[in-house]
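Chain by chain, the residues run as shown.
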Amino acid sequence: MPPEDLKSDAEQQPTPAPDAGQPDDLTVLIAQITSDPEKAARHIKELRKESADKRAKAQQAEAEAARLAQEAEARKQAELAEQGKWQELATQREQELATVKAQAESLQRYRETVEAQVRQRLEALPEAHRKLIQSDDPLVTLERLRAAEDAGILNTNRPAPQVDAGAGRSLSDEEKAQAILASMKPKFRL
């Protein structure tokens, strides 16, 4: 009987209960073993090797499944950590946005104040000067106003500087005290 006829327990098909006239599988198997014991031993070795191979494949599959489960868990933890960082980053951005909004409101107030001052100063100028100095940007206009004033182009009703250095008047008591502290001799004019 060829080795294919000897099947392992896992490969055996369930057979109907033996009738009184049919020998059972165990009797047939015992007869095969006793007729050729070497063939039966080879078949048993093959079955054991096949069983060991299946156990090894099952262990490998279990190890692979465990590894994949660990990787999935690690990915899940990494995603949660990343989401936590995004939440932290979102909170940080929210705080920064609140700060920027407060700064924008403050800058808007400053801009309105500067624009009002520039408008007031421009209104005091003659129309010809206004057209030359005025700009869409109030800061540029302010710089032009300062430059024109420094150059003496605009008459801004400033008092003329004293060029006589106090000539023709006498020093006050406070000025005398300051002169003494500065180790200067106060000069008096009579």
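### Some remarks on the overall build of the protein
(1) Moving on: A tally of regular secondary structure across the protein gives five helices and zero strands.
(2) Moving on: In the protein, the succession of α and β elements from N to C terminus is α-α-α-α-α.
(3) Moving on: By the burial criterion, 9% of the 190 residues in the protein qualify as buried.
(4) Moving on: Within the protein, contacts between residues at least 6 apart in sequence are counted, and of these 33% link residues at least 24 apart.

### A closer look at the environment of Leu154
(1) Moving on: Mapped onto the elements, Leu154 comes out in the loop between helix H4 (138-150) and helix H5 (173-181).
(2) Moving on: Apart from residues no more than four positions distant in its own chain, Leu154 is found in contact with Leu125, His129, Ile133, Leu145, Ala148 and Glu149.

### Some details on the packing of helix H2 (residues 37-123) against H4
(1) Moving on: Two elements in contact, H2 and H4, have axes separated by 10 Å at closest approach and are oriented at 45°. Between H2 and H4, the crossing angle belongs to the class labelled oblique. The interaxial crossing formed by H2 with H4 has left-handed handedness. Contacts between H2 and H4 involve Arg111, Val114, Glu115, Val118, Arg121 and Leu122 from the first element and Pro138, Leu139, Thr141, Leu142, Leu145 and Glu149 from the second.
(2) Moving on: Residues belonging to the contact of H2 with H4 are distributed by class as follows: seven nonpolar, one polar and four charged.

### A look at the nonpolar core
(1) Moving on: One finds Val118, Leu122, Leu125, Ile133, Leu142, Leu145, Ala148 and Leu154 forming the largest nonpolar core, which totals eight residues.
(2) Moving on: Among the elements of the structure, H2 and H4 are those that each provide at least two residues to this core.
(3) Moving on: The element that contributes the greatest number of residues to this core is H4, accounting for three residues.
(4) Moving on: Apart from residues no more than four positions distant in its own chain, Leu142 is found in contact with Val114, Val118 and Arg121.

### Comments concerning H4
(1) Moving on: End to end, H4 covers 18 Å across 13 residues, agreeing with the expected 18 Å (1.5 Å per residue, within 8%).
(2) Moving on: On its buried face, H4 is in contact with H2 and helix H3 (127-133).
(3) Moving on: Positive backbone phi, at 80°, marks Gly152, one or two positions downstream of H4.

### Regarding the confidence of the model for the protein
(1) Moving on: Per-residue pLDDT for the protein has a mean of 77; in total, 76% of the residues score no lower than 70.
(2) Moving on: Averaged pLDDT values over the elements of the protein bottom out at 76 in H5 and peak at 88 in H2.
(3) Moving on: Contacts from residues 6-16, a stretch scored under 50 in pLDDT, to residues over four places away or in other chains number eight contacts.

Reading the values: rules and limits
Residues numbered from 1 in each chain as written. Predicted model: local features only at pLDDT ≥ 70, side-chain atom pairs only at ≥ 80, totals over all residues. Heavy atoms only, no water. Helix = DSSP H or I, 4+ residues; strand = E, 2+ residues; numbered from the N terminus. Buried < 20%, exposed > 50% of the residue type's maximum accessible area, 1.4 Å probe, protein only. Contact = heavy atoms within 4.5 Å. Axes fitted to C-alpha atoms, helices over the stretch in contact; angles between N-to-C directions. Parallel < 35°, antiparallel > 145°, perpendicular 65-115°, else oblique. Left-handed = near helix turned anticlockwise from the far one by under 90°. Nonpolar A, V, L, I, M, F, W, Y, C, P; charged D, E, K, R; others polar. Core = buried A, V, L, I, M, F, W, Y, C linked by side-chain atoms within 4.5 Å. Expected span 1.5 Å × (residues − 1). pLDDT = per-residue confidence, 0-100.

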